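This is what each chain is made of:
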Amino acid sequence: WLTLVGAEFYCAGLREHDQRLQRLLREDVDGTVVLFPAPGAAPAADLALSPRRIVVLDGGWAQCKKMNEWLDPALPRCFVNATRAEFGGTRRYRGAEGRVQTAAAFVALMRDLGEDSAVVSSLSQSLVTFMDSFEAQMAPSGRLKVL
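Rules used in this analysis
Residue positions are counted from 1 within each chain, in the order its sequence is given. pLDDT decides what is reported in this predicted model: residues at 70 or higher carry local features, side-chain atom pairs at 80 or more are listed and counted, and totals for whole chains, interfaces and linings draw on all residues regardless. The side-chain values count all of the structure's non-hydrogen atoms but skip hydrogen atoms and water molecules. Think of a nonpolar core as a cluster: buried Ala, Val, Leu, Ile, Met, Phe, Trp, Tyr and Cys residues, connected wherever their side-chain atoms sit within 4.5 Å. The classification of residues rests on relative accessible area computed with a 1.4 Å probe and restricted to protein chains. Under 20% of the type maximum is buried, over 50% is exposed, and intermediate values are partly exposed. Helix numbering and strand numbering both begin at the N terminus, where a helix is a DSSP run of H or I of at least 4 residues and a strand a DSSP run of E of at least 2. By definition in these notes, contact holds between two residues if any of their heavy atoms fall within 4.5 Å.

Chemist: Let's hear about the nonpolar core: which residues, and what values?
Modeler: If you look at soluble globular proteins, the nonpolar side chains tend to sit buried side by side. With 18 residues, the main nonpolar core has Leu35, Cys78, Val80, Leu109 and Met110 as its most contacted residues. Within the residue set of this core, elements represented by two or more residues are β1 (32–35), α3 (102–112) and α4 (117–138). Per-element tally for this core: the top contributor is α3, with 7 residues. For Leu35, the contacting residues outside a window of four places in its chain are Val55, Val56, Leu57, Cys78, Phe79, Val80, Ala105, Phe106 and Leu109. Leu21, Phe36, Cys64 and Leu75 belong to the second-largest nonpolar core, a separate cluster that totals 11 residues.

If you want it as structure tokens, here you go:
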């Protein structure tokens with residue numbers, strides 16, 4: 001559903017994608033924010049202005065850390081305060097109660113940036129519905145595991 005609102009997807013490590021993303025990010029460093037809980041990241045709710053561009057990293061934790069390190073350090077980082085309870089049964093991470101999957105973090109970001117509550121509610125409910133369906137399909141097969 002993100003492509004419906006103008007999102008672009010890039011695959012880290014593909015030279016063409018890396019080059020396009022770097023060019024795009026250089027165009028508007030001040031209007032861009034990276035959703036990643038890096039040291040020095042600000043709470044999204046505290047951002048002075050709504051960003052014109054949001055970079056959302058998705059992958060395993062080690063992969064996301066590498067992607068974050070690859071991005072220009074001048075790009076501001078932000079984080080969200082979210083819990084799995086807010087978004088239904090989002091993916092569970094062993095020993096990390098405060099962590100949520102990327103989709104839930106994005107919904108929380110929209111909330112924290114002051115997006116219309118109806119939009120946030122719709123995104124949140126869509127995520128809950130998806131996760132309920134996903135878990136109902138995967139759990140009986142034994143392919144759903146706690147990371």
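Continuing now.
Chemist: Any details on the environment of Leu21? Residues and values, ideally.
Modeler: Here Leu21 shows up in helix α1 (residues 15–27). A relative accessible area of 13% places Leu21 in the buried class. Separated by 50 residues in sequence, Leu21 and Leu71 have C-alpha atoms that sit 9.4 Å apart. In contact with Leu21, not counting residues within four places along its chain, are Tyr10, Trp70 and Leu71.

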